[in-house]
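Secondary and tertiary structure notes
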Amino acid sequence: MTCDVSSSVLHAYLDGELDAVRAAEFEQHLEGCATCVRDLEAQESLRSSIQRAQLYEAFPAKLESKVRRQLNEATASRVSNRIAAWRGLAAAAVLLLAIGVSWRVLPRLRGEPALSASAAEIVDAHIRSLQPGHLTDVTSTDQHTVKPWFAGRTAFAPPVRDFAAQDFPLVGGRLDVFQGHTVAALVYGRRKHFISVFIWPDATQNAEQYAGAMNGYQWISWKQSGLRFCAVADTSRDDLAALKDLISR
């Protein structure tokens, strides 16, 4: 390609991975860029040819049930061996403690459907934002510039504050997409890292806090004043927890 648009943007558009704002920007770019139009048509033609060729092997209908049965049997065997290995009241207490900690810390699907999938989507959105030119739609350290920018672009008013004095300077904000809906994303700096704080309305009764790690990125999610927050970065969990405390004040 001879224009300034990278091939990754073209493929993201073709795969439907761009949010509504960036997709519209790319479509506007296509109106004046014959090179991108030609490359996009070539990729679409290639994809259609591969689909028509049907170069794949049909998935055996009984394979999934067979694999699940084998996994269940292997899991049951491991659990039985571990239980047999534990001896004494002290060991049982340690086991109960480990189960309790896991129940509180590990992401749970109960009360928060498909939490793992949601976390993966949020982390992917943060990673995409790190591509050149995608981190912010409005770049400013002034909260009085960033907050009004969201007016009319989101159906809610995200709380925007600068924490430069606490070493979390405001970098700007952008619109992003989560589960098919437009959400607000604030960007903060932390030394040489960027933290995305995704915000969207949450009318559920679930006010629990969740945290985890995925693909080298830490994330923490909490609810406050009818809004759900999710901070993501490749910095430490302690950094995210500190920023969460500042936002929650």
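Attention here is on the structure that accompanies the text. (Residues numbered from 1 in each chain as written. Predicted model: local features only at pLDDT ≥ 70, side-chain atom pairs only at ≥ 80, totals over all residues. Heavy atoms only, no water.)

Counting secondary structure elements, the chain contains eight helices and seven strands. Split into buried and exposed, the 249 residues of the chain put 35% on the buried side. Of the contacts made within the chain by residues no fewer than 6 positions apart, 56% connect residues no fewer than 24 positions apart. Split by element, the accessible area of the chain, about 15300 Å² in all, is 56% carbon and sulfur. (Helix = DSSP H or I, 4+ residues; strand = E, 2+ residues; numbered from the N terminus. Buried < 20%, exposed > 50% of the residue type's maximum accessible area, 1.4 Å probe, protein only. Contact = heavy atoms within 4.5 Å. Areas by Shrake-Rupley, 256 points an atom, 1.4 Å probe, with all protein chains shown as cover.)

Aromatic rings considered in pairs are described by the distance between their centres and by the relative angle of their planes. For the structure shown, the criterion picks out five aromatic pairs. Arranged with centres 4.9 Å apart and planes meeting at 50°, the rings of Tyr13 and Phe26 form a pair that is tilted. Of this pair, Tyr13 sits in helix α1 (residues 7-14) while Phe26 sits in helix α2 (residues 20-30), placing them 13 residues apart in sequence. On the numbers, 5.1 Å between centres and 85° between planes, the contact of Trp149 with Phe150 is edge-to-face. Using a relative accessible area of 1% as the deciding quantity, one classes Phe150 as buried. Sitting over the face of the ring of Phe168, Arg190 holds its NZ or CZ atom 4.2 Å from the ring centroid. (Phe/Tyr/Trp six-rings, centres within 6.5 Å; stacked < 30°, edge-to-face > 60°. Lys NZ or Arg CZ within 6 Å of the ring centre and 35° of its normal.)

A separate point is the pattern of salt bridges. Note on pairing: side chains with opposite charge can pair once their charged atoms come close. Enumeration over the complete set of coordinates arrives at six salt bridges. Its salt-bridge partner being Arg190, residue Asp167 comes within 3.2 Å of it at the nearest N-O pair. With a gap of 23 residues between them, Asp167 in the loop between α7 (143-150) and β2 (170-178) and Arg190 in strand β3 (residues 181-190) connect regions that are remote in the sequence. On the basis of relative accessible area, Arg190 is assigned to the buried category, the value being 10%. One connected set of salt bridges, linked through shared partners, spans Asp167, Arg190, Arg191 and Asp239. (Salt bridge = Lys/Arg side-chain N within 4 Å of Asp/Glu carboxyl O.)

Right, let's get into the pairing of strand β7 (residues 227-233). Counting buried positions along β7 yields seven of seven residues, so the element is predominantly enclosed. Because side chains alternate across β7, one face comprises the buried residues Leu227, Phe229, Ala231 and Ala233, and the other comprises Arg228, Cys230 and Val232, equally buried. In terms of strand pairing, strand β6 (residues 217-224) meets β7 through seven bridges, oriented antiparallel. From the neighbouring strand, Trp222 faces β7, where its bridge partner is Phe229. Linking two consecutive strands that pair antiparallel, namely β6 and β7, is a turn of two residues; a positive phi of about 55° is found at Ser225 within it. (Pairing = 2+ DSSP bridges.)

Next up on the list: α7. Those residues of α7 not exposed but buried are Val146, Trp149 and Phe150. Along the axis of α7, the buried residues cluster in a sector spanning 95°; they form a single face. Packed against the buried residues of α7 are β1 (138-139), β2 and β3. Between a side-chain oxygen at the N-terminus of α7 and the backbone nitrogen of His144 the separation is 2.9 Å; the capping residue is Asp142. (Arc of directions from axis to C-beta. Polar contact = N/O pair within 3.5 Å; in protein donor to acceptor, adjacent residues only side chain to side chain.)

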